[in-house]
Amino acid sequence: MTKPQLILLGAPGSGKGTQAARLVSELGYQHISTGDLLRKEIKSGSELGQRVQGIMNTGGLVDDDTVLELLKSNCDLESTAYIFDGFPRNFDQAKALDSSVLKGVESRAIYFEIDLNMLAARLVNRRTCTGCGEIYNLLSKAPQLSDKCDKCGADLMQRKDDNEETVKTRLGVFKEAIEPVLAHYKAEDRLGVIDASAGADEVFDKLKEITR
Ligand code: AMP
């Protein structure tokens, strides 16, 4: 049986990226993150990247059309089961995902529920490996050397938007837009909810249960 497309919903720092990596390695999904796609555009110096850089650095949302086009040109649902991470961010994006990406393909949304007050500390202490993408946290999952990856030895980096000021904006933006998105999936009986404050293993077990 083909796997349903998965849509991960949750605030920045709620653990979507960490869990997505496990879904990829253990269940054969492909991870598609609009944040990663946008950061790649910035790194490449493309026109799109230059246009969105300022917005991303301050924690605002890039316009819906730009992100939707980027997403569409980077996924092929005919052959792949995806984990959508970071899209949709608002109700219009949820509608657009259905009508111009999923187009009736079976999908399920999963909300990583967590008290937003817990997240600022998680985000400013997040570090990501520049080599293999492993995600660390200086408080809860510290690397053995503070600036090197335990797995591959490459340098760790801190995302530009993981600073206190920008994190505040990003969490505010999330809070304002998420309710209609959740209501959309709930009304169609496509929503599962996970307690994202639990440990990573527990969250993953729950995820497997929901996606089975
Ligand atoms: P993320 O990696 O998902 O935390 O996203 C980082 C930043 O990329 C966000 O703060 C936004 O500026 C931008 N971004 C990512 N996904 C979207 C989206 N679906 N719509 C608008 N902006 C987005």
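Before going into details, it helps to say that this report is about the structure given with it.

The rules behind these values
In every chain, residue numbers begin from 1 and rise along the written sequence. A pLDDT threshold of at least 70 governs which residues receive local features in this predicted model, and a stricter bar of 80 or more applies before side-chain atom pairs are shown or counted, although totals over entire chains, interfaces and linings include all residues. Derived side-chain values reflect all non-hydrogen atoms in the structure, with water molecules and hydrogen atoms excluded from consideration. By convention, a stacked pair of Phe, Tyr or Trp rings (six-membered ring in the case of Trp) has centres within 6.5 Å and planes under 30 degrees apart, an edge-to-face pair has planes over 60 apart, and any other such pair is tilted. The criterion is that NZ of a Lys, or CZ of an Arg, lies within 6 Å of the ring centre and within 35 degrees of the ring normal, and then a charge sits over that ring. Axes, fitted as lines to C-alpha atoms, cover a helix only where it is in contact. Angles between the N-to-C directions of the axes lie from 0 to 180 degrees. A run of DSSP states H or I qualifies as a helix once it reaches four residues; a run of E qualifies as a strand once it reaches two. Both are numbered from the N-terminal end. Note: crossing handedness is left-handed where the near helix turns anticlockwise from the far helix by less than a right angle, and right-handed where it turns clockwise. In what follows, a contact means two residues having at least one pair of non-hydrogen atoms within 4.5 Å. Residues are grouped as follows: Ala, Val, Leu, Ile, Met, Phe, Trp, Tyr, Cys and Pro are nonpolar; Asp, Glu, Lys and Arg are charged; every other residue, Gly included, is polar. Among the buried residues, those of types Ala, Val, Leu, Ile, Met, Phe, Trp, Tyr and Cys that are joined through side-chain atoms within 4.5 Å form a nonpolar core. Throughout, exposure labels follow a simple rule: accessible area from a 1.4 Å probe, protein chains only, divided by the maximum for the residue type, with under 20% read as buried, over 50% as exposed, and the rest as partly exposed. Disulfides are defined as cysteine sulfur pairs within 2.5 Å. One less than the number of residues in a helix, times 1.5 Å, gives the span that helix is expected to have. Read the arc as the range of directions from the helix axis to the C-beta atoms. Any residue with a heavy atom positioned within 4 Å of a molecule or strand is treated as near that molecule or strand. Pairs of N or O atoms are called polar contacts if they sit within 3.5 Å, as long as, within protein, a hydrogen donor faces a hydrogen acceptor (for residues adjacent in sequence, only side-chain-to-side-chain pairs). Areas reported as accessible are Shrake-Rupley estimates using a 1.4 Å probe. Residue values count occlusion only from the protein chains shown. Criterion used throughout: strands pair if DSSP finds at least two bridges between them.

Next up on the list: the packing of aromatic side chains. The tally for this structure, following the rule as stated, stands at one aromatic pair. Taking the ring centre of Tyr29 as reference, the NZ or CZ of Lys3 above it sits at 5.3 Å. For the cation-ring pair, Lys141 lies above Tyr136, with the distance from its terminal atom to the ring centre recorded as 5.3 Å.

Let us look at the packing of helix 4 (residues 64–72) against helix 5 (residues 91–102). The angle between the axes and the distance between the axes are what describe a pair of packed helices. Where helix 4 meets helix 5, the closest approach of the two axes is 11 Å, and the angle between their N-to-C directions is 35 degrees. Between helix 4 and helix 5 lies a crossing of right-handed hand. On helix 5, the residues touching Asp64, Leu68, Leu71 and Lys72 of helix 4 are Asp92, Gln93, Ala96, Leu97, Ser100 and Val101. Of the residues assigned to the contact of helix 4 with helix 5, the class counts are five nonpolar, two polar and three charged.

Among soluble globular proteins, nonpolar side chains are generally buried collectively. In terms of nonpolar packing, the biggest core is built from 51 residues, with Ile7, Leu9, Leu38, Phe84, Leu97, Val101 and Tyr185 touching the most fellow members. No other element matches the seven residues that helix 7 (residues 164–187) contributes to this core. With near-sequence residues (within four places) excluded, Leu38 lies in contact with Leu48, Val52, Met56, Val62, Val67 and Leu70.

Taken as a whole and judged by the stated rule, the model has zero disulfides. Here Cys149 is not cross-linked by a disulfide; its sulfur's nearest cysteine counterpart is in Cys129, at 3.7 Å. On the basis of relative accessible area, Cys149 is assigned to the buried category, the value being 5%.

Further remarks concern helix 1 (residues 16–27). Between its terminal C-alpha atoms helix 1 stretches 15 Å, which fits the 16 Å expected from twelve residues at 1.5 Å a residue. By the burial criterion, the buried members of helix 1 are Lys16, Gln19, Ala20 and Leu23. For helix 1, the buried positions fall inside an angular range of 105 degrees around the axis, keeping them on one side. Remark: Gly28 follows helix 1 within two positions and exhibits a positive phi of approximately 80 degrees.

Further remarks concern the site of the ligand. Near the ligand lie 16 residues; those nearest to it are Thr34, Arg39, Gly60, Gly86 and Gln93. Between the ligand and Thr34 there is a distance of 2.8 Å, counted from a nitrogen atom to a side-chain nitrogen or oxygen. In the model, an oxygen atom of the ligand is placed 3.0 Å from a nitrogen or oxygen of the Arg39 side chain. About the coverage of the ligand: the protein hides 95% of its 480 Å² of free accessible area. When the residues that make up the shell around the ligand are grouped by side-chain class, the tally is six nonpolar, five polar and five charged.

This brings us to the packing of helix 2 (residues 34–44) against helix 3 (residues 47–58). One can describe the packing of helix 2 onto helix 3 by two numbers: an axis separation of 8 Å at closest approach and a directional angle of 120 degrees. Of the two possible hands of crossing, helix 2 and helix 3 adopt the one that is left-handed. For the pair formed by helix 2 and helix 3, the contact residues are Gly35, Leu38, Arg39, Glu41 and Ile42 on the first element and Leu48, Gly49, Val52, Gln53 and Met56 on the second.

This next bit is on the sheet that holds strand 6 (residues 135–137). Read across the sheet, three strands follow the order 6-5-7 without closing on themselves; strand pairing throughout is antiparallel. Strand pairing shows two members of the sheet lacking a second neighbour, strand 6 and strand 7 (156–157), which therefore form its edges. In this structure, strand 5 (residues 126–129) lies alongside strand 7, joined through two bridges in antiparallel fashion. Along strand 7, the bridge assignment pairs Thr128 with Met157.

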